[in-house]
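# Observations on the model geometry
What follows is each chain in one-letter form.
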Amino acid sequence: SGKTTDYLHFKTVFQTQATYDNAIDKVMALMDSLTKQSDKNRISKELTLAACFTKLDGEYGDLTTLASECTSIIDNLQPPRSDKTFVSFMDTVEECISSLKGVQLGENYVPTLMLSVEKKLDTDTQKLLSSHLIREKPQLNAKPQCILDFLSIEKGAAKMRLKNK
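Worth saying up front: this structure is predicted, and the values here are computed from it rather than measured. (Residues numbered from 1 in each chain as written. Predicted model: local features only at pLDDT ≥ 70, side-chain atom pairs only at ≥ 80, totals over all residues. Heavy atoms only, no water.)

## Side note on the layout of surface pockets
In this structure, the largest pocket encloses a volume near 220 Å³. The set of elements that each furnish at least two residues to the lining of the largest pocket consists of helix 1 (2-17) and helix 4 (49-60). Sort the elements by how many residues they give to the lining of the largest pocket and helix 1 lands first, with 4 residues. Here the lining of the largest pocket is built from residues that sort into 5 nonpolar, 2 polar and 4 charged. Reported here for the second largest pocket is a volume of approximately 180 Å³. (1 Å grid on protein atoms, 1.4 Å probe; cavity = no way out; pocket = protein on both sides within 12 Å on 5 of 7 lines; lining within 4 Å. Points joined across faces, edges and corners; volume = space filled by probe spheres on them. Helix = DSSP H or I, 4+ residues; strand = E, 2+ residues; numbered from the N terminus. Nonpolar A, V, L, I, M, F, W, Y, C, P; charged D, E, K, R; others polar.)

Quick look at the structure:
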């Protein structure tokens, strides 16, 4: 998902910063910003940013592609069975979450991804998590972050236990 994430981040930043009034000026600024000649050639005949990004989305993927990649990555992870594997598991989860949060509208895909994460947890961690959620009572839209915060604390505890071995 590195290529898709990098592209979508570039797209978000570019759309925020390209404040030209004229559509052609925006397209020219985009062409100047691209580093690969093949990308410049791909959009060379386009007249609007929307058309340019449609072509580039086809090459690098869009938000749905990124969300699918992140879900696939999580689904293919082995459930963590030790402190060491839990830390590695959480590194991957945090990277996927950061990738989604780093692009426009990516936050909308985080709740579904967190459901996949929850399913991978062992029974004891699921029990601790459910108790944590009952104590915290997060609003529905805050639940994914509440889960991520809990798992980050558990990751820190796992790291501490690994250092003490």
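## Thoughts on helix 1
An ideal rise of 1.5 Å per residue puts 22 Å on 16 residues; helix 1 measures up with 22 Å between its terminal C-alpha atoms. Those residues of helix 1 that fall on the buried side of the exposure criterion are Thr4, Thr5, Tyr7, Leu8, Lys11 and Phe14. The inward-facing, buried residues of helix 1 contact helix 2 (23-33), helix 4, helix 5 (63-76) and helix 6 (83-101). (Expected span 1.5 Å × (residues − 1). Buried < 20%, exposed > 50% of the residue type's maximum accessible area, 1.4 Å probe, protein only. Contact = heavy atoms within 4.5 Å.)

## Description of the packing of aromatic side chains
Following the criterion strictly, the structure yields 4 aromatic pairs and no others. Pairing Tyr7 with Tyr60 gives two aromatic rings, centres 5.2 Å apart and planes at 25°, and the pair type is stacked. Within this pair, whereas Tyr7 is found in helix 1, its partner Tyr60 is found in helix 4, the two being separated by 53 residues in sequence. Just as Tyr7 is buried, Tyr60 falls in that class too. (Phe/Tyr/Trp six-rings, centres within 6.5 Å; stacked < 30°, edge-to-face > 60°.)

## Comments concerning the packing of helix 1 against helix 4
Running from N to C, helix 1 and helix 4 cross one another at 170°; their axes reach a closest spacing of 10 Å. By the angle class used here, helix 1 and helix 4 are roughly antiparallel. Judged by the twist between their axes, the crossing of helix 1 over helix 4 is left-handed. Side by side, helix 1 and helix 4 meet where Lys3, Thr4, Tyr7, Lys11, Phe14 and Gln15 of the first sit next to Leu49, Phe53, Leu56, Asp57, Glu59 and Tyr60 of the second. Here the residues of the contact of helix 1 with helix 4 sort into 6 nonpolar, 2 polar and 4 charged. (Axes fitted to C-alpha atoms, helices over the stretch in contact; angles between N-to-C directions. Parallel < 35°, antiparallel > 145°, perpendicular 65-115°, else oblique. Left-handed = near helix turned anticlockwise from the far one by under 90°.)

## Remarks on unusual backbone geometry
Phi is positive for Lys137, close to 50°, though the residue is something other than glycine. With respect to the element layout, Lys137 can be found in the loop between helix 8 (123-136) and helix 9 (143-163). The class for Lys137 is exposed, based on a relative accessible area of 64%.

## Concerning the side chain of Lys120
Within the fold, Lys120 resides in helix 7 (residues 110-120). Among buried charged residues, Lys120 stands out as having no salt bridge; its nearest opposite-charge side chain is Asp75, 5.7 Å away. When residues no more than four places from it in sequence are discounted, the contact partners of Lys120 are Ile74, Asp75, Leu77, Pro79, Pro80 and Phe89. (Lys, Arg positive; Asp, Glu negative; His and termini not counted. Salt bridge = Lys/Arg side-chain N within 4 Å of Asp/Glu carboxyl O.)

## Focus: the confidence of the model for the protein chain
Looking at the protein chain, the pLDDT average stands at 93 and 99% of residues meet or exceed 70. Summarising per-element confidence for the protein chain, the mean pLDDT is lowest in helix 1 (88) and highest in helix 9 (97). (pLDDT = per-residue confidence, 0-100.)

## Regarding the pattern of salt bridges
The full count for this structure, using the stated rule, is 7 salt bridges. For Asp57, the salt bridge goes to Lys11, with nearest N and O atoms at 3.0 Å. Of this pair, Asp57 sits in helix 4 while Lys11 sits in helix 1, and the two are 46 residues apart along the sequence. By the burial criterion, Asp57 is buried, and Lys11 matches it. Between Lys155 and Glu94 there is a salt bridge; the shortest N-O distance is 2.7 Å. In this pair, Lys155 is assigned in helix 9 and Glu94 in helix 6, connecting sequence segments 61 residues apart. It is possible to trace a salt-bridge network through shared partners that takes in Asp39, Arg42 and Glu59.

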